[in-house]
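Analysis of the macromolecular model
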Amino acid sequence: MTGGFSDLLLNVCRHPAMLLYLDQAQSRGPTSPAGQRANTGLNENLAREVLELMTLGAQGGYTQADVTEFAKALTGWTLVSKPVRERVPTLELGAFVFIPQFHEPGPRTVLGKTYAQAGEDQAAAILRDLSVHPATARTIATKLARHFISDEPPPGAVAALAAAFTRSNGSLPALHETLIGLPEAWDAQARKFKSPNDFIVSGLRLTGLNKVEDRALIAAYTQLGQVPYRAPSPKGWPDDAASWSGGDALMKRIEWAQALGQRLGSSIKPAERANDVLGPVLRPVTRQAIERAESADQGLTLALMSPEFQWR
Amino acid sequence: MPHATLTRRTVLQAAGALTLFHANSGSAAAAASAERKLVIVILRGAADGLSAVPAFADPDYARLRSRLAIAPPSEKDGALPLAQGFGLHPQMPFLHSLWTEQSLAVLHAAASPYRDRSHFDGQDVLESGGAKVFAIGDGWLNRALAPPAAREAVGIGRTIPLILRGPAPVKSWSPSFIAAPNADTVSRLMDLYAGDPVLGPSLAQAVETSAIAGSANMPEPGGMRGAYGAGANLQMAEAATKLLSAPGGPAAAAMSIDGWDTHANQGAATGQIAQRFKNLDDTLKALKTGLGTHWAKTVVIVATEFGRTVAMNGTNGSDHGQGSVAFCCGGAVKGGRILGDWPGLSPKALFEGRDLAPVNDLRALFAAALAQHWGLDRTTLETRIFPDAKGLARFEGLITT
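Since the structure is predicted, the reported quantities are computational estimates derived from the model, not experimental observations.

This part is about the interface of chain B and chain A. Facing the 54 residues of chain B at the interface are 60 residues of chain A. At the boundary of chain B with chain A, total buried surface from both sides reaches about 4,500 Å², with 56% on carbon and sulfur atoms. Taken together, the links from chain B to chain A amount to 3 salt bridges. Among the ionic pairs, Glu44(A) bridges to Arg354(B), the shortest N-O distance being 3.2 Å. Here chain B and chain A share 21 residue pairs in polar contact (both at pLDDT 80 or more) between them. For the side of chain B that touches chain A, the secondary structure elements donating two or more residues are helix H6 (119-128), strand E6 (171-173), helix H8 (183-192) and helix H9 (199-213) of chain B. Take the side of chain B that touches chain A: its biggest share by element is 7 residues, from H9(B).

Next comes the structure, spelled out in structure tokens:
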């Protein structure tokens, strides 16, 4: 978060979890020594998702040929398996490693540029070029604006963020600074519906509970539909109100808030707490409803489920 | 953790609190049009149509598919025979029984108009009904609910899928694993949500929906794993049938089954994809069982965003492709038919040399269901529900009218 997007991208693509998740660990160059010998070959999953989801975007102007070429360049990027470690005991099991015998030999052409590098540097050079591509600047700017400003990101904010991305060569601190300085980010009309993760974290903060059993926490994330590391697809979690604010999802939030309220009982004065947490945002009508609740736990449920607390 | 649902009493309380919100719904015409049920099952992740419905008689099938190939019916673990050299994956005996009783039609080599290979964009086109990615912001099934019939629909799952998003109000439901909300708390929240255009209507619909589905006899608690695994799909199917069958229940339901992106170790008659097909088969069976007498007037369509490469990839799986298969089944379907054209698997016939050519437009199947089952007229279908879709195949006589 304090470095450049380029480093972030390369580290993500070398991360063992990503290598396994998108099948890169098993991909072999079709004419590489390993590809010719064993019963394995190319897998284009990671290459495609890098182009589509992490950099250029689906409308970013790449072709199937670019995907295949990039996938070939990525061959050899894998992790230390048990057989590899048996041969080279100094390697750490499960860590990233480049294995030349898996790598598809020869130059690769991606987005019209030819990469003649040998070995690991070839895909790294492609990733570095992708990381500063203008389409990538737009992708990242749009994601940030959607996440921090509103579901329909204001075009001016996206343009400003994209310009900052390009100007700073993808420096993440520069982007964060730009974001904080944008008037759109402070517009009272621009609001975001909390994701389950936002809601659980902020809800626990509101209650002041600083110790929650792991099981209870996992149960909460499961109930609310956002289990960590279990995003439904490589695209990650939805980032808009329409995806999270369905009636059923609201019911699940009430259930969780109610369970939390019951657990805390009268150890909290809900109206005061809501006032402390929400400040000027707390409407008189909500404050009154919390004060008139039939019990402290119902009051806390109402505070957690109030529109003021559900939107950020 | 014991499984708890809304009790009858709290349901009635909550429903009572809701009367004001629904004072003007439920005309006699709407009740009549709601008798014909339409269920859309979306297989997310690009399900392999050549594994679901193997074209075992195609001269190129076995060679190209290699270890993904399903054997002909005469061999061990072979396909369940359909017609014209097609079969069903051996893990789908229920679907095969529907074929035998002529309640299943199959559209092969089918796809939306989307011609790239992104799951998310493909699902956008499949569900929006647009001709291009992001051309339309709402879903075709939602648009098909519009007046005068003013049908209702329910989304089964934790989020409302795009296919059901849009101007017509829809309900949603998913399985719950902890204590149900206190009806009094819900009613107080209703007051707080009065001015919120998103949360107000959303909570109102939820109370009404959980009053029906929540009283369902759920299968065993299932625990946290149940929320993701095969059990959850059955539970969702069962809830869908309860909601659809309730007096005045919705005419349509949409649910999703995930886990079809079989890039590695896909398997054939057994293995990863076989388990998915078994679960799909069980889920469809649960729909039929749960719908009871409503099954006779039900159409279920199973579709996916696109298919997979014909040839096996380097990791015993398949990559993103084009044409896949869609199922149209139910008591209202006049089945036992393979619909559309078959492009074959010869090198020249493949799309970009790798994928089953998408010669049949999925929108034609959706439109046929909406036309024959719900009586939507062709002009509405080819302009408003599916813009830029003139001249779709009509599949006349597919559904009992």
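Let us look at the pairing of strand E1 (residues 37-43) of chain B. All names here are of chain B. Where burial is concerned, most of E1 is hidden: 7 out of the 7 residues are buried. Judged by which residues are buried, E1 turns out to be covered on both faces: Lys 37, Val 39, Val 41 and Leu 43 on one side and Leu 38, Ile 40 and Ile 42 on the other are all buried. Where E1 and strand E8 (residues 298-304) come together, 7 bridges link them in parallel fashion. Paired with Lys 37 across the strands is Thr 298, a residue of E8. Bridge analysis of E1 against strand E7 (residues 252-257) gives 6 bridges, and the strand direction is parallel. Pairing of Val 41 across the sheet is with Met 255, part of E7.

Residue and element names in this part refer to chain B. When pLDDT is averaged along chain B, the result is 86; 85% of the residues meet or exceed 70. For the stretch residues 1-26, pLDDT sits under 50, and the model shows 34 contacts to residues farther than four places along the chain or on other chains. Ignoring residues within four places in sequence, the model shows residues 215-228, a span with pLDDT below 50, making 28 contacts including any to other chains.

It is worth spelling out the domain arrangement of chain A at this point. All names here are of chain A. Taken domain by domain, chain A holds domain 1 (5-131), domain 2 (134-186) and domain 3 (196-310). The C-alpha centroid of domain 2 is placed 29 Å from the C-alpha centroid of domain 1. Listed as interface residues are 10 residues of domain 1 and, on the opposing side, 8 residues of domain 2. A buried area of about 630 Å², summed over both sides, lies between domain 1 and domain 2, and 56% of it is on carbon and sulfur atoms. When residues of domain 1 are sorted by the area they lose upon contact with domain 2, Phe 5, Thr 55 and Leu 56 head the list and together hold 57% of the total.

All names here are of chain B. Going through the model one piece at a time under the given rule, you end up with 0 disulfides over all chains. Looking at Cys 328, it has no disulfide partner, and the nearest cysteine sulfur is the one in Cys 329, 7.0 Å off. Residue classification places Cys 328 among the buried residues on the basis of a relative accessible area of 1%.

With that out of the way, let us pick up the pairing of strand E5 (residues 153-156) of chain B. Residue and element names in this part refer to chain B. A two-sided burial pattern is seen for E5, the buried positions comprising Ala 153 and Gly 155 on one face and Val 154 and Ile 156 on the other. Pairing of E5 with E7 involves 4 bridges; the strand directions are parallel. If you follow Ile 156 over to E7, its bridge partner there is Met 255. One ladder, built from 3 bridges, connects E5 with E6; its direction is parallel. Pairing of Gly 155 across the sheet is with Ser 172, part of E6.

So, on to the pattern of salt bridges. For side chains bearing opposite charge, pairing can occur when the charged atoms are close. Residue and element names in this part refer to chain B. In total, this model carries 30 salt bridges over all chains according to the counting rule given. Arg 44 serves as the salt-bridge partner of Glu 127, at 2.8 Å between the closest nitrogen and oxygen. Taken together, the residues Glu 127 in helix H6 and Arg 44 in the loop between E1 and helix H3 (49-52) connect sequence positions 83 residues apart. For Arg 117, the salt bridge is made with Glu 352, and the minimal N-O distance between the two is 2.7 Å. With Arg 117 in the loop between strand E4 (104-111) and H6 and Glu 352 in the loop between strand E10 (337-339) and strand E11 (360-361), this residue pair connects regions lying 235 residues apart in the sequence.

Judged by nonpolar contacts, the single largest core of 56 residues is most densely connected at Val41(B) and Phe327(B). The dominant element in this core, judged by the number of residues it contributes, is helix H12 (residues 272-291) of chain B, at 7 residues. The residues contacting Val41(B), other than those within four sequence positions of it, are Met255(B), Ile257(B), Leu280(B), Leu287(B), Val300(B), Ile301(B), Val302(B) and Ala303(B). Val50(A), Trp77(A), Phe98(A) and Ala164(A) belong to the second-largest nonpolar core, a separate cluster that totals 49 residues.

Once that is clear, we can look at H12(B). All names here are of chain B. The first and last C-alpha atoms of H12 sit 29 Å apart over 20 residues, in line with the 28 Å expected at 1.5 Å per residue. Residues of H12 that are buried: Ile 273, Ala 274, Phe 277, Asn 279, Leu 280, Asp 281, Thr 283, Leu 284, Ala 286, Leu 287 and Leu 291. One or two positions beyond H12, positive phi appears at Gly 292, with a value near 55°.

What follows concerns the packing of helix H11 (residues 196-207) of chain A against helix H12 (residues 214-224) of chain A. Residues and elements named next belong to chain A. The interhelical angle for the contact between H11 and H12, taken along N-to-C directions, is 140°, at an axis separation of 10 Å. One way to sum up the angle between H11 and H12 is to call them oblique. Regarding H11 and H12, the two cross each other, and that crossing is right-handed. Packed against H11, whose contacting residues are Pro 196, Asn 197, Phe 199, Ile 200, Val 201 and Leu 204, the element H12 presents Leu 217, Ala 220, Tyr 221 and Leu 224 at the interface. When the residues that make up the contact of H11 with H12 are grouped by side-chain class, the tally is 9 nonpolar, 1 polar and no charged.

The next thing to look at is the packing of aromatic side chains. All names here are of chain A. Applying the stated criterion to the full structure yields 12 aromatic pairs over all chains. Arranged with centres 6.3 Å apart and planes meeting at 70°, the rings of Phe 199 and Phe 309 form a pair that is edge-to-face. On the criterion of sequence distance, the pair formed by Phe 199 in helix H11 and Phe 309 in helix H18 (residues 307-310) is long-range, its members being 110 residues apart. Exposure class is identical for Phe 199 and Phe 309. Each is buried. In textbook terms, an aromatic cluster arises when at least three aromatic residues are bridged by ring pairs, as seen for Phe 199, Trp 256 and Phe 309. Taking NZ or CZ as reference, Arg 28 lies 3.7 Å from the ring centre of Phe 102, over its face. Here the basic side chain of Lys 194 rests over the ring of Phe 309, its NZ or CZ set 3.4 Å away from the ring centre.

Reading the values: rules and limits
Residues numbered from 1 in each chain as written. Chains lettered and ligands numbered in written order. Predicted model: local features only at pLDDT ≥ 70, side-chain atom pairs only at ≥ 80, totals over all residues. Heavy atoms only, no water. Contact = heavy atoms within 4.5 Å. Buried area = accessible area lost by both parts, 1.4 Å probe. Salt bridge = Lys/Arg side-chain N within 4 Å of Asp/Glu carboxyl O. Polar contact = N/O pair within 3.5 Å; in protein donor to acceptor, adjacent residues only side chain to side chain. Helix = DSSP H or I, 4+ residues; strand = E, 2+ residues; numbered from the N terminus. Buried < 20%, exposed > 50% of the residue type's maximum accessible area, 1.4 Å probe, protein only. Pairing = 2+ DSSP bridges. pLDDT = per-residue confidence, 0-100. Domains from an automatic or database assignment. Disulfide = S-S within 2.5 Å. Core = buried A, V, L, I, M, F, W, Y, C linked by side-chain atoms within 4.5 Å. Expected span 1.5 Å × (residues − 1). Axes fitted to C-alpha atoms, helices over the stretch in contact; angles between N-to-C directions. Parallel < 35°, antiparallel > 145°, perpendicular 65-115°, else oblique. Left-handed = near helix turned anticlockwise from the far one by under 90°. Nonpolar A, V, L, I, M, F, W, Y, C, P; charged D, E, K, R; others polar. Phe/Tyr/Trp six-rings, centres within 6.5 Å; stacked < 30°, edge-to-face > 60°. Lys NZ or Arg CZ within 6 Å of the ring centre and 35° of its normal.

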